[in-house]
Amino acid sequence: MKKILATFASALLSAALLILATSCGNKQTVLKLAEVHIDGYPTALADAEFARLVEKKTNGRIKIEVYTGGALYADESDSIKALIRGDVGFARVSSAPLAAYVPKINLVNLPYIFRDRDHMWKVLNSKIGDDILKEIEESDSGLVAICYYDADSRSFYTTRPIRTVADMAGLKIRMQNSEMMKDLVNYLGGTGVGNIGSTEVYSAIQNGIVDGAENNWATYENMGDYLAASYYTLDSHTRIPEMLVASKEVLSKLKPKDVEIIKSCAKEVQNFEIKKVIEKSKESEERIRDAGVTVIELTPEARKEFEDAMIPLYEKYAANFTDLIKEIKSM
Ligand code: BDP
């Protein structure tokens, strides 16, 4: 009982100190975070946890308001532009559209670069991963990428079945806003279509603007896309990480001590996010299979065909990184 009272009293005291600090001129800075996924999605849960930690560890000096479901920007390429302008403090985005600003990011977006999740995390947590984050911060992009999150692997979903590369012929596939991603489909014989936010894919398929798209189990379910395109071909062509990105302009107005706290809180949330992705992925897979979606496993020969067709992307987009690619493959 004594212990409960003591905990209660100390909680009251910290709340009182927080109010006092805020009302004594230590004004609170409120920053926005843009997220395309709805509440409950692993990255949205991670954003909320990040915001909670930052508020706690800065003693309320910084409050982060998370806007989920694309409430600020339906297309995450627009969130990136908003970060550059300094209109929002943070955005959690996929690293695919970021490569337009810092080409080295394409290294981790290449098809079949990672064998599996563990391999990806080994690379992202190594000097190679750190150097990419550093390169973003040191570039003149106006962006500061503060950490990686997990996004599982991406596969095609379409309105008619894909079992071999030949089945891709003539298909219009929505891809993320990235030249490499659009080319990925072009090299397979289809047409990669950009400028459609992930929140707009369902209606683009419904309206026949595209014949399908590609994503992980969780997004395929959450955005309702499986209701419009009911063939899911598990080719797992990419394992593109998520990034939590800050606006350089906004960070420059904060105390260096608070920028450090922000960076360490983002990193602290990483394992929490990975755990949520693994759980959510399993649940989404179960629900999608139960909903009657045709899930297509590629034969080893077909999978090899997909891998071979994507080799030209390495030459076109990663010719400067041949040594790093070798190093990644050997890790
Ligand atoms: C999801 C990513 C999200 C992207 C989306 C897309 O979590 O950041 O917006 O894919 O395809 O997996 O655009």
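All figures in this text were calculated on a predicted structure; none of them were measured in a lab. (Residues numbered from 1 in each chain as written. Predicted model: local features only at pLDDT ≥ 70, side-chain atom pairs only at ≥ 80, totals over all residues. Heavy atoms only, no water.)

**Some remarks on the overall build of the protein chain**
Now for step 1: Helix and strand content of the protein chain: 15 helices and 11 strands.
Now for step 2: Scaling as 2.2 N^0.38, a compact globule of 331 residues should have a C-alpha radius of gyration of about 20 Å, and the protein chain matches this with 21 Å.
Now for step 3: A buried classification covers 53% of the 331 residues belonging to the protein chain.
Now for step 4: Element-wise, carbon and sulfur atoms account for 54% of the exposed surface of the protein chain, whose accessible area totals about 15,000 Å².
Now for step 5: Separation between the mean location of the 42 positive side-chain charges and that of the 48 negative ones in the protein chain comes to 6 Å. (Helix = DSSP H or I, 4+ residues; strand = E, 2+ residues; numbered from the N terminus. Rg over C-alpha atoms; globule rule 2.2 N^0.38 Å. Buried < 20%, exposed > 50% of the residue type's maximum accessible area, 1.4 Å probe, protein only. Areas by Shrake-Rupley, 256 points an atom, 1.4 Å probe, with all protein chains shown as cover. Lys, Arg positive; Asp, Glu negative; His and termini not counted. Charge placed at Lys NZ, Arg CZ, Asp CG, Glu CD.)

**Let's talk about the confidence of the model for the protein chain**
Now for step 1: With 92% of its residues at a pLDDT of 70 or more, the protein chain shows a mean pLDDT of 94.
Now for step 2: The model gives residues 1–25 a pLDDT under 50, and that stretch makes four contacts with residues more than four places away or in other chains. (pLDDT = per-residue confidence, 0-100. Contact = heavy atoms within 4.5 Å.)

**A look at the site of the ligand**
Now for step 1: Taken together, 13 residues form the shell around the ligand, and within it His37, Arg154, Arg174, Asn215 and Glu242 come nearest.
Now for step 2: At a separation of 3.3 Å, an oxygen atom of the ligand approaches a polar side-chain atom of serine 198.
Now for step 3: Interatomic distance of 2.6 Å between a side-chain N/O atom of glutamate 242 and an oxygen atom of the ligand.
Now for step 4: Calculation on the ligand without its partners gives an accessible area of 320 Å², and the protein chains cover 98% of this total. (Near = heavy atom within 4 Å. Polar contact = N/O pair within 3.5 Å; in protein donor to acceptor, adjacent residues only side chain to side chain.)

**Things to note about the domain arrangement of the protein chain**
Now for step 1: Parsing the protein chain into structural domains produces domain 1 (21–152 + 240–282) and domain 2 (154–239 + 289–330).
Now for step 2: Taken together, the 36 residues of domain 1 in the interface contact 39 residues of domain 2.
Now for step 3: Counting each side, the surface lost to burial between domain 1 and domain 2 is near 3,200 Å², with a carbon and sulfur contribution of 60%.
Now for step 4: The largest share of the area that domain 1 buries against domain 2 comes from Leu110, Pro111 and Tyr112, three residues that together contribute 24% of it. (Domains from an automatic or database assignment. Buried area = accessible area lost by both parts, 1.4 Å probe.)

**So, the pairing of strand β2 (residues 62–67)**
Now for step 1: The pairing of strand β1 (residues 29–35) with β2 spans six bridges and is classified as parallel. Bridging across to β2, lysine 32 finds its partner in glutamate 65.
Now for step 2: What joins β1 to β2 is helix α2 (residues 42–57), and the crossover it makes is right-handed. (Pairing = 2+ DSSP bridges. Right-handed = clockwise from strand over helix to strand, strands pointing away.)

**Re the sheet that holds strand β4 (residues 143–149)**
Now for step 1: A sheet is described by the order of its strands in space; here five strands give the open sequence β2-β1-β3-β10-β4, paired in mixed fashion. Only two strands of the sheet have a single partner each, and these edge strands are β2 and β4. Here the strands of the sheet are splayed against their neighbours by 25° on average, with no regard to which way each runs.
Now for step 2: Here β4 pairs with strand β10 (residues 242–247) via six bridges, running antiparallel. Of the residues in β10, the one forming a bridge with cysteine 147 is leucine 244.
Now for step 3: Against the sheet, α2 touches β1, β2, β3 (90–94), β4 and β10, its axis set at about 165° to β2.
Now for step 4: Of the strands in this sheet, β4 and β10 are in contact with helix α7 (residues 127–138), which crosses β4 at around 155°. (Axes fitted to C-alpha atoms, helices over the stretch in contact; angles between N-to-C directions.)

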